[in-house]
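Coordinates in review
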2 protein chains.
Amino acid sequence: MASEQTVSEVGEFGLIDRIRAALPAHGAAVVGPGDDAAVLDLTGRVLVSTDMLLEGRHFRRDWVEAVDVGHRAAARSLADLSAMGGTTTALTVGLGVPGDLPVAWVLDLVSGMVEEAALVGAEIVGGDVTRSDSVVIAVTAVGTCAGPPVLRSGARAGDQVALTGRLGWAAAGLAVLGRGFRSPRAVVEAYRRPSPPYAAGPQALDAGATALVDVSDGLLADLGHVASASGVHIDIDPSSLGEIPEPLAAVAAAVGADALSFVLTGGDDHALAATFPQGSVPDGWAVIGRVLEGAGITVSGESYDGPAGHDHFA
Amino acid sequence: MASEQTVSEVGEFGLIDRIRAALPAHGAAVVGPGDDAAVLDLTGRVLVSTDMLLEGRHFRRDWVEAVDVGHRAAARSLADLSAMGGTTTALTVGLGVPGDLPVAWVLDLVSGMVEEAALVGAEIVGGDVTRSDSVVIAVTAVGTCAGPPVLRSGARAGDQVALTGRLGWAAAGLAVLGRGFRSPRAVVEAYRRPSPPYAAGPQALDAGATALVDVSDGLLADLGHVASASGVHIDIDPSSLGEIPEPLAAVAAAVGADALSFVLTGGDDHALAATFPQGSVPDGWAVIGRVLEGAGITVSGESYDGPAGHDHFA
């Protein structure tokens, strides 16, 4: 069966042909895959962001199905553009794959990226395929913004800090998988396939957000970036984050971790955090803190005693 | 000294800070590195292309200095946009690096990319850095085009085939390095740091080129793509390619290769090949063949008996 072939067996151009055949007919792109570059018809502020997803570093093939790796790889870049208040039009994908990888794995990966991109009306318009020792995925999102993009640097003393989306679920899922377990299923699924609140980015822009960021390094780390870029102090009220969800509490108890640390420092759920002028927080966002004069990030006025987020070289 | 530190020692955010400090102040970008996405002010047809450059596959650190790896990595994507008739405005860079890599190596790499991008007035506007077992570089070029982009599919019977830039030099350089030699210096330098004729892409668009491609897989392979996409037959006149340059002849004699095969099948010099209506070939381009009705690619009317170009999984 064709699906049992490896990428070495079909070769570079054979693999590219199969990937292109698996892509939906293009709509937004003037020129899609197959030429030296893709061509998009965009006007005004063009947003661009690139993220890497590496086997062994960001995922393990025995922990995550190919289709979910595709969802995760696309989600990271789509969430970045949402975190500017924008929407992705097109993705390009740089892909390195081992020669003994089944072609079916690659096609499932592409299918996951296509499905995730479709959630915001985006499509894959081009890329590059080469051989590598382990799977390497570089996804670039290109899109636009209906108004001036919402930066990290616009938070002002007096603003409210608000959040939409989940925190800590992916981190709890990773903790579970790291110990060889497969449940609670809800957190494992959250790790495998995040559900970023993409539409909340443009919503925040429209509502007049002063700063906006997606939570990929952890809430404290990413709001720390906002505090630093804006020259302000951000204080989080942990009680406003609500009850610790039951699956997170269960994982924390089972692995001897602090459930709140999943919430405050876990990345990969791609929640969105923003600051808004008083009274401007839109529906679907929860107020979780406030912006003060000064510097740094605190929880109930105190420094948080733990790692603030993920450093890929730690 | 700071330059002797490894990327593990400075950490992810330390490395990102050092890279950002090494980038020139941005000009074309509305928002440069440091936020969730970069913001460009572009209008009309937006071109985008991603290329991967992997250690062990596309370069060896003991064969090529970091600054030259940077030049090569940027050149591949810049040449892709030139091969649409366009010009690059901005690059994003996805970078995977081993923890024990010196920070100085990464900064030299970035410096090479910055210098190469500056040749067309482009700049690095963002990216992603993570740890990997070997060096992984994914460069995405975003730019624009002054008119309808020149595709691979527009060649018509009766057109002239023309070329600008060098062929076979990088392939000869690779053959030399692969046997442990470091000379002839001219071909080794050509392999380490290509000199694509970037300006010739927009020139070809302006002159009415019907098809345009950059020679990255080899002349026959890339013109084969044009023939296939355009539904035509392309015939190359090898005598029109001129005398085999002396360094290529020397390498071919030394390694027992056919010098013409370097010219016809060697990639990585990023020459540009195009088809033009009769009499429209602009200055600086050499006519090397003609477009006929039919299919496929021939040399003096005969199939070329050898590998047409590089397959990354072969």
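Scroll up to find the structure this text is about.
Attention in this report is confined to the structure presented alongside it. Everything quoted here is computed from the prediction, not taken from an experiment. (Residues numbered from 1 in each chain as written. Chains lettered and ligands numbered in written order. Predicted model: local features only at pLDDT ≥ 70, side-chain atom pairs only at ≥ 80, totals over all residues. Heavy atoms only, no water.)

1. Examining the overall build of chain A
Looking only at helices and strands, chain A has nine helices and eleven strands in total. Rg of the C-alpha trace for chain A: 20 Å, near the compact-globule value of 20 Å for 314 residues, within the 12% margin. Once the C-alpha set of chain A is aligned to its principal axes, its extents read approximately 60 × 50 × 30 Å. Burial analysis of chain A (314 residues in total) assigns 58% to the buried set. Taking the intrachain contacts of chain A between residues at least 6 apart in sequence as the baseline, contacts between residues at least 24 apart amount to 85%. In the form shown here, chain A has an accessible surface area of approximately 11,600 Å², with 50% of it arising from carbon and sulfur atoms. Of the charged side chains in chain A, 18 are positive and 38 negative, and the gap between their average positions amounts to 4 Å. (Helix = DSSP H or I, 4+ residues; strand = E, 2+ residues; numbered from the N terminus. Rg over C-alpha atoms; globule rule 2.2 N^0.38 Å. Buried < 20%, exposed > 50% of the residue type's maximum accessible area, 1.4 Å probe, protein only. Contact = heavy atoms within 4.5 Å. Areas by Shrake-Rupley, 256 points an atom, 1.4 Å probe, with all protein chains shown as cover. Lys, Arg positive; Asp, Glu negative; His and termini not counted. Charge placed at Lys NZ, Arg CZ, Asp CG, Glu CD.)

2. What about the packing of helix α1 (residues 7–22) of chain B against helix α3 (residues 103–118) of chain B?
Residues and elements named next belong to chain B. With their axes 10 Å apart at the nearest point, α1 and α3 run at an angle of 25 degrees to one another. In terms of their interaxial angle, α1 and α3 are classed as roughly parallel. Relative to α3, α1 is oriented so that their crossing is right-handed. Contacts between α1 and α3 involve Val7, Val10, Leu15, Arg18, Ile19 and Ala22 from the first element and Val103, Val106, Leu107 and Val110 from the second. Of the residues in the contact of α1 with α3, the class split is nine nonpolar, no polar and one charged. (Axes fitted to C-alpha atoms, helices over the stretch in contact; angles between N-to-C directions. Parallel < 35°, antiparallel > 145°, perpendicular 65-115°, else oblique. Left-handed = near helix turned anticlockwise from the far one by under 90°. Nonpolar A, V, L, I, M, F, W, Y, C, P; charged D, E, K, R; others polar.)

3. Brief notes about the pattern of salt bridges
Under the counting rule described, the total for this entry stands at 18 salt bridges over all chains. Close ionic contact of Asp268 of chain A with Arg72 of chain A constitutes a salt bridge, the shortest N to O distance being 3.5 Å. Of this pair, Asp268 of chain A sits in the loop between α9 (259–265) and β9 (271–276) while Arg72 of chain A sits in helix α2 (residues 66–82), placing them 196 residues apart in sequence. Asp68 of chain B is the salt-bridge partner of Arg193 of chain B, the closest N and O atoms lying 2.7 Å from each other. Of the two residues, Arg193 of chain B sits in the loop between α5 (185–192) and α6 (200–206) while Asp68 of chain B sits in helix α2 (residues 66–82), which places them 125 residues apart along the sequence. Overall, the relative accessible area of 33% leaves Arg193 of chain B in the partly exposed class. A relative accessible area of 7% means that Asp68 of chain B is categorised as buried. Each of Asp35 and Asp36 of chain A together with Arg152 of chain B takes part in one network of salt bridges that share partners. (Salt bridge = Lys/Arg side-chain N within 4 Å of Asp/Glu carboxyl O.)

4. What to know about the sheet that holds strand β8 (residues 233–236) of chain A
All names here are of chain A. Pairing is mixed in the open sheet, where six strands are placed in the order β7-β9-β6-β10-β8-β11. The two strands at the open ends of the sheet, each matched to only one other strand, are β7 (211–215) and β11 (296–299). Across the sheet, the mean angle from the axis of one strand to that of its neighbour is 25 degrees, orientation sign disregarded. Of the strand pairs in this sheet, β8 and β11 are connected by four bridges, and their pairing is parallel. When the sheet's bridge partners are listed, Asp235 is paired in β11 with Thr298. (Pairing = 2+ DSSP bridges.)

5. Observations regarding the sheet that holds strand β6 (residues 160–164) of chain B
Residues and elements named next belong to chain B. Pairing within the open sheet is mixed, and its six strands lie in the order β7-β9-β6-β10-β8-β11. Strands with a single pairing partner mark the edges of an open sheet, and in this sheet they are β7 (211–215) and β11 (296–299). Shown here is a sheet whose adjacent strand axes are inclined to one another by a mean of 25 degrees, direction ignored. Summarising the sheet, β6 and strand β9 (residues 271–276) pair through five bridges and their orientation is antiparallel. Residue pairing in the sheet places Thr164 in a bridge with Leu272 of β9. The strands touched by helix α7 (residues 219–230) within the sheet are β6, β7, β8 (233–236), β9, β10 (286–292) and β11, with β7 carrying the most contacts at an inclination of about 155 degrees.

6. Structural notes on the interface of chain B and chain A
In this complex, chain B contributes 63 residues to the contact, which on the side of chain A involves 63 residues. Summed over both partners, the interface of chain B with chain A comes to about 4,900 Å²; 58% of that surface belongs to carbon and sulfur atoms. For the pair chain B and chain A, the interface holds four salt bridges. Between Arg152 of chain A and Asp36 of chain B there is a salt bridge, with the nearest N and O atoms lying 3.1 Å from each other. If you look at where chain B meets chain A, you find 19 residue pairs in polar contact (both at pLDDT 80 or more). At the level of elements, α1, β2 (38–54), α2, β3 (86–97), β4 (123–131), β5 (136–145) and β7 of chain B are the ones that each hand at least two residues to the side of chain B that touches chain A. A total of 16 residues in the side of chain B that touches chain A trace back to one element, the largest contributor, which is β2 of chain B. Counted by class, the side of chain B that touches chain A contains 30 nonpolar, 18 polar and 15 charged residues. Bridging between strand β2 (residues 38–54) of chain A and β2 of chain B involves eleven bridges; their strand directions are antiparallel. (Buried area = accessible area lost by both parts, 1.4 Å probe. Polar contact = N/O pair within 3.5 Å; in protein donor to acceptor, adjacent residues only side chain to side chain.)

7. Describing the pairing of β10 of chain B
Residue and element names in this part refer to chain B. Direction of pairing for β6 relative to β10: antiparallel, over a ladder of four bridges. If you follow Ala162 over to β10, its bridge partner there is Val287. Bridge analysis of β8 against β10 gives four bridges, and the strand direction is antiparallel. Residue His233 lies in a different strand from β10, and its bridge partner there is Leu292.

8. A closer look at the packing of aromatic side chains
Residues and elements named next belong to chain B. Counted under the stated rule, the structure contains two aromatic pairs over all chains. Between the aromatic rings of Phe276 and Trp285, the centroid separation amounts to 5.4 Å while the plane-to-plane angle is 80 degrees, which identifies the pairing as edge-to-face. Judged by its relative accessible area of 0%, Phe276 is buried. The lysine or arginine in question, Arg166, covers the ring of Trp169, its NZ or CZ lying 4.4 Å from the ring centre. (Phe/Tyr/Trp six-rings, centres within 6.5 Å; stacked < 30°, edge-to-face > 60°. Lys NZ or Arg CZ within 6 Å of the ring centre and 35° of its normal.)

9. Overview of helix α5 (residues 185–192) of chain A
Within α5 of chain A, burial applies to Val187, Val188, Ala190, Tyr191 and Arg192 of chain A. Buried residues along α5 of chain A sit in contact with α2, α4 (169–178) and α8 (246–255) of chain A.

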